[in-house]
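Inside the fold
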Amino acid sequence: MYVGALELDVLLGDVHSLKEKRSVVRPVVAELRRRFEVAVAEAGHLDLHRRALIGISCVAPDACHVTALLDRCERLVADRPELQLLSARHRMLGPEDE
């Protein structure tokens, strides 16, 4: 079993309040969850209205599947015109990690 995690640090476009931030981030989180069946949440920069840290995780029987799935999630976020992807951090845990 392999567990993958992805942290996406994003800059939001024309957002001036935390309420506007939620209206931009929530649809992205919902689309990732629906399209890829991954666990996803806004996981950081909660008090900043122009930044968001989106955390994504998944479990699969092989590392290739985890990597491909998280890469597709990253591409989906990077392709959103209302977001600018600042950084992406991948992590993987496998059977050899105890």
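Let me sum up the structure you'll find in this document. (Residues numbered from 1 in each chain as written. Predicted model: local features only at pLDDT ≥ 70, side-chain atom pairs only at ≥ 80, totals over all residues. Heavy atoms only, no water.)

1. As for the overall build of the protein
When helices and strands are tallied, the protein shows two helices and four strands. Taken along the three principal axes of its C-alpha coordinates, the protein extends 45 × 25 × 20 Å. Burial status across the protein gives 35% buried among its 98 residues. Considering only intrachain contacts with a sequence separation of at least 6, the fraction spanning at least 24 residues in the protein is 72%. Entry remark: accessible area of the protein is about 5,900 Å², with carbon and sulfur atoms responsible for 53%. Separation between the mean location of the 14 positive side-chain charges and that of the 16 negative ones in the protein comes to 7 Å. (Helix = DSSP H or I, 4+ residues; strand = E, 2+ residues; numbered from the N terminus. Buried < 20%, exposed > 50% of the residue type's maximum accessible area, 1.4 Å probe, protein only. Contact = heavy atoms within 4.5 Å. Areas by Shrake-Rupley, 256 points an atom, 1.4 Å probe, with all protein chains shown as cover. Lys, Arg positive; Asp, Glu negative; His and termini not counted. Charge placed at Lys NZ, Arg CZ, Asp CG, Glu CD.)

2. Remarks on the pattern of salt bridges
Side-chain pairing between opposite charges can occur once the charged atoms of the two side chains come close. Counting across every chain of the model gives six salt bridges. With a closest N to O distance of 2.6 Å, Asp-9 and Arg-51 form a salt bridge. Of this pair, Asp-9 sits in strand 1 (residues 2-12) while Arg-51 is found in strand 3 (residues 51-60), placing the two residues 42 residues apart along the sequence. What makes Asp-9 buried here is its relative accessible area of 11%. (Salt bridge = Lys/Arg side-chain N within 4 Å of Asp/Glu carboxyl O.)

3. Re helix 2 (residues 63-78)
Along its 16 residues, helix 2 runs 22 Å from first to last C-alpha, staying within 8% of the 22 Å computed at 1.5 Å per residue. Burial in helix 2 covers these residues: Val-66, Leu-69, Leu-70, Cys-73, Leu-76 and Val-77. All buried residues of helix 2 project into a common sector of 115 degrees when viewed along the axis, lining one side. Elements in contact with the buried residues of helix 2: strand 1, helix 1 (18-36), strand 3 and strand 4 (83-93). Measuring from the backbone nitrogen of Cys-64 back to the side-chain oxygen at the start of helix 2 gives 3.3 Å, which picks out Asp-62 as the cap. (Expected span 1.5 Å × (residues − 1). Arc of directions from axis to C-beta. Polar contact = N/O pair within 3.5 Å; in protein donor to acceptor, adjacent residues only side chain to side chain.)

4. So, the sheet that holds strand 2 (residues 39-44)
The strands that make up a sheet pair up through hydrogen bonds in the backbone, lying either parallel or antiparallel. One open sheet accounts for four strands, arranged 2-3-1-4; its pairing is antiparallel. The open sheet terminates on both sides in strands that have one partner only, identified here as strand 2 and strand 4. Between one strand axis and the next, the sheet turns by 20 degrees as a mean value, whatever way the strands run. As judged from the five bridges shared by strand 2 and strand 3, these two strands associate in the antiparallel manner. What sits directly across from Gly-44, in strand 3, is Leu-53. Running over the sheet, helix 1 touches strand 1, strand 2, strand 3 and strand 4 and is turned about 150 degrees from strand 2. (Pairing = 2+ DSSP bridges. Axes fitted to C-alpha atoms, helices over the stretch in contact; angles between N-to-C directions.)

5. Looking at the nonpolar core
Counting residues in each nonpolar core, the largest one holds 26 residues, and the members touching the most others are Leu-32, Val-38, Ile-54, Ile-56 and Val-77. The set of elements that each furnish at least two residues to this core consists of strand 1, helix 1, strand 3 and helix 2. Those residues in contact with Leu-32 that sit more than four places away from it in its chain are Glu-37, Val-38, Val-40, Ile-54, Ile-56, Cys-73, Leu-76 and Val-77. (Core = buried A, V, L, I, M, F, W, Y, C linked by side-chain atoms within 4.5 Å.)

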